[in-house]
Amino acid sequence: MPRVVPRRQVRHLGALGPSGRPRRRRLVRAQDVRGGGGVYASHLAKYGHPSVQGYKDVIPLWKAESWEPDRLMALYKKAGARYFVSMGSHHDNFYLWDSKIHRWNSVAMGPHRDVVGDWQRAAKKQGLKFGVSEHLGASFTWFQVSRKADAKGPMAGVPYDGADPKYEDLYHPAARPGDTGWYTTDPRWHRRWFEVVKELVDAYQPDLLYSDGPVPFNNEVGLSMIAHLYNAAAARDGGAPQVVYNCKQDSGGRWVDDVERGVMPGIRPFPWQTDTSIGDWYYNKNWKYRGADWVVQMLVDIVSKNGNLLINVVQRPDGGLDPEAETVLSRMAEWIAVNGEAIYGTRPWLVHGEGPVRARGGNFKEDFAYTARDLRFTSKGDGVLYVFALDWPADHRIHVRSLGKFPGVVGRIADVALLGSRASLKWTHDADGLTVTLPDEKPCDHALALKITGESLSGFKPELAAPIIALVRPDAAGLIELKADEAELHGTQIQVEDKGGRPSVGFWDRPSESVSWRVGADRGGKYRISASCATVHQAAVLAVDADGKVVELHPVRTAGWDQFAETEAVEIELPPGGERTVKAGPRDAASWKAVNLRWIRLIPASP
């Protein structure tokens with residue numbers, strides 16, 4: 001739970017993607033002080049007891065004395081940023097602009113600077129688009145713990161300073177019973193949120209407005225703010241607004257969807273964004289910084305799927321950067337100088353990529369063990385295709401299976417070059433795909449990019465290429481478990497999500513989509529096949545095809561998409577053999593009803 005703790009510091013962001021990227025920051029979520037813990041102990045040691053010395057007393061201590069927005073913005077642009085997003089207000093109800101609404105703002109106290117305004121001026125000097133991030137919607141309930149008290153100890157029962165009416169303008173009045181969700185249900189606070197965010201939008205006219213959560217509150221409030229953002233921009237821009245709204249809610253193209261510390265599993269028809277950080281969301285000296293290699297791999301994967309990367313570069317409390325953070329920026333600058341043309345102004349190709357690692361979609365899934373066999377694609381028109389290898393191959397060879405000369409392929413490759421290298425590459429192109437031999441000298445660290453030129457490059461058929469997926473092998477008892485997060489997903493909507501605390505294949509509404517696994521098992525004979533499924537539909541049917549042997553499973557209706565039940569086992573007899581493919585999907589389009597699939601098990605039947 002949130003708590004009055006030392007956690008502020010300058011919020012800034014810089015970022016990358018087809019049209020650029022920068023990033024917001026998050027304050028630490030403190031533990032409930034009544035339970036003690038590290039955050040509580042830290043506050044007690046540094047500032048005193050929160051019944052006396054609370055967050056109101058921490059704010060004036062923040063000075064940002066080493067903050068140089070112009071210098072930092074120049075670093076971010078060189079590292080690849082095309083837009084920059086400043087924190088406006090986080091869950092603490094403290095405003096980083098020259099607010100006329102209340103006294104708790106960065107001009108009246110703390111650094112005595114207009115943080116949003118200074119960031120905006122620095123961004124404009126560098127020719128970057130400018131955005132602001134608002135997290136105010138959650139503060140109304142987050143700050144309610146500041147009205148409580150220790151359950152034990154010398155100050156047991158003494159309310160924290162948030163209960164003092166003199167500071168209600170910072171900590172908020174007491175919430176109504178039951179008002180404990182991420183967003184408050186109180187109409188008074190809905191109106192307050194609109195008033196505050198409107199002031200921010202009107203004063204700074206940002207190119208992007210980000211909300212940390214779904215569209216805040218109800219249609220009358222949240223959608224009215226989005227309408228105000230766009231209508232005000234339309235009035236300035238001759239009826240054609242050049243602004244973006246961004247939040248964590250599926251939009252169908254009405255705004256830009258955001259994924260926190262995660263990615264999409266495949267290409268999305270509308271632009272989207274990942275927001276993540278090279279460290280914690282705030283300055284945490286105990287976190288190890290991410291390297292530039294990790295940032296590059298995230299960037300390339302996201303751009304290949306029609307997304308943008310908004311990356312947070314963590315600042316110290318004084319507003320400066322640690323040497324490690326500056327090193328990441330420097331290495332990003334070196335990489336983008338070589339490979340930027342394969343990022344900026346590009347569009348997704350027919351598929352986002354190929355390779356053994358399948359990046360699961362969703363929030364808080366951003367660590368993948370990519371190798372040189374993991375490829376990502378971007379394109380410019382129908383005559384240029386970029387192929388990224390997410391690591392340098394030890395054998396100096398890249399094999400692109402998606403470019404195989406299958407029947408019906410009309411694409412023609414004229415030339416293959418390596419960005420950043422003047423070497424003439426050797427390459428062959430046949431039914432197995434494009435094979436390229438790389439030079440001995442690397443043009444850059446981290447991911448490398450091939451530039452393929454030709455004609456009708458959208459005329460290939462990557463769906464016919466055999467997927468590169470890890471073999472699933474039986475355990476000691478011969479049981480073969482096909483897990484959701486090890487499946488090859490066939491389709492653009494289907495994805496792996498967490499339901500009921502475990503991965504499952506979900507968003508499976510389209511009868512054209514399916515999943516498959518490669519199974520390494522020499523043993524033939526009889527198996528009992530069952531699956532763990534969730535569905536809200538009656539009479540759902542899941543067809544399981546093991547190398548041409550097809551059985552039907554009938555998932556039972558469950559209480560919800562996170563309530564799973566095991567299907568009744570069906571027997572199948574498989575011939576002996578090595579690798580085989582097991583597929584799961586609709587029996588036919590007419591009978592398909594959506595299911596969530598956690599696993600399929602092939603259990604050796606008793607002799």
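This one's a predicted model, so the numbers in the text were calculated from it and none came from an experiment.

Overview of the overall build of the chain
And step 1. Across its full length, the chain carries 10 helices and 28 strands.
And step 2. With the C-alpha coordinates of the chain rotated into their principal frame, the extents come out at 80 × 60 × 50 Å.
And step 3. Accessible surface, the chain: about 24,900 Å² in total, of which carbon and sulfur atoms supply 50%.
And step 4. Of the side chains in the chain, 78 bear a positive and 73 a negative charge, and the two mean positions are spaced by 2 Å.

So, the nonpolar core
When a protein is soluble and globular, its nonpolar side chains tend to lie buried together.
And step 1. By size, the foremost hydrophobic cluster in this structure holds 93 residues, and its most contacted members are Tyr76, Trp119, Ile278 and Trp335.
And step 2. For this core, the leading source of residues is helix H9 (residues 292–303), giving 9 residues.
And step 3. Within the second largest apolar cluster, 32 residues are counted, among which are Val472, Ile529, Cys533 and Val582.

Digging into the pattern of salt bridges
And step 1. Taken as a whole and judged by the stated rule, the model has 31 salt bridges.
And step 2. Aspartate 202 serves as the salt-bridge partner of lysine 198, at 2.7 Å between the closest nitrogen and oxygen. Here lysine 198 and its partner aspartate 202 are both found in helix H7 (residues 187–204), 4 residues apart, which amounts to about one turn of the helix.
And step 3. A salt bridge links arginine 412 to glutamate 455; the nearest nitrogen and oxygen atoms lie 3.4 Å apart. Placement of the pair is arginine 412 in strand S12 (residues 412–418) and glutamate 455 in strand S15 (residues 448–455), with a sequence separation of 43 residues.
And step 4. Here arginine 412 falls in the partly exposed class, since its relative accessible area comes to 42%.
And step 5. For glutamate 455, a relative accessible area of 47% corresponds to the partly exposed category.
And step 6. The network of salt bridges with shared partners includes Asp212, Lys248, Asp258, Glu260 and Asp275.

Describing the environment of glutamate 195
And step 1. Checked against the element boundaries, glutamate 195 lands in helix H7.
And step 2. Between the C-alpha atoms of glutamate 195 and proline 443, which are 248 residues apart in sequence, the distance is 52 Å.

Digging into helix H1 (residues 38–47)
And step 1. Among the residues of H1, Val39, Tyr40 and His43 are the ones counted as buried. The buried residues of H1 occupy one face: seen down the axis, they fall within an arc of 100°.
And step 2. The elements touched by buried residues of H1 are helix H2 (55–58).
And step 3. Backbone geometry just after H1 places glycine 48 at a positive phi near 105°.

Here we look at the sheet that holds strand S5 (residues 256–260)
And step 1. The strand order across the open sheet formed by 7 strands is S1-S2-S3-S4-S5-S6-S7, and the pairing between neighbours is parallel. If you trace the sheet from one side to the other, it starts and ends with strand S1 (83–89) and strand S7 (307–312), each paired once. Adjacent strand axes in the sheet meet at a mean angle of 25°, parallel and antiparallel pairs treated alike.
And step 2. Where strand S2 (residues 129–134) meets strand S3 (residues 208–211), 4 bridges bridge the pair, whose relative direction is parallel. Directly across from glutamate 134, in S3, lies its bridge partner serine 211.
And step 3. The strands touched by helix H8 (residues 219–236) are S3 and strand S4 (244–247); relative to S4, the strand with the most contacts, the crossing angle is about 155°.

Conventions and cut-offs
Residues numbered from 1 in each chain as written. Predicted model: local features only at pLDDT ≥ 70, side-chain atom pairs only at ≥ 80, totals over all residues. Heavy atoms only, no water. Helix = DSSP H or I, 4+ residues; strand = E, 2+ residues; numbered from the N terminus. Areas by Shrake-Rupley, 256 points an atom, 1.4 Å probe, with all protein chains shown as cover. Lys, Arg positive; Asp, Glu negative; His and termini not counted. Charge placed at Lys NZ, Arg CZ, Asp CG, Glu CD. Core = buried A, V, L, I, M, F, W, Y, C linked by side-chain atoms within 4.5 Å. Buried < 20%, exposed > 50% of the residue type's maximum accessible area, 1.4 Å probe, protein only. Salt bridge = Lys/Arg side-chain N within 4 Å of Asp/Glu carboxyl O. Arc of directions from axis to C-beta. Contact = heavy atoms within 4.5 Å. Pairing = 2+ DSSP bridges. Axes fitted to C-alpha atoms, helices over the stretch in contact; angles between N-to-C directions.

Coordinates in, geometry out; function isn't part of it.
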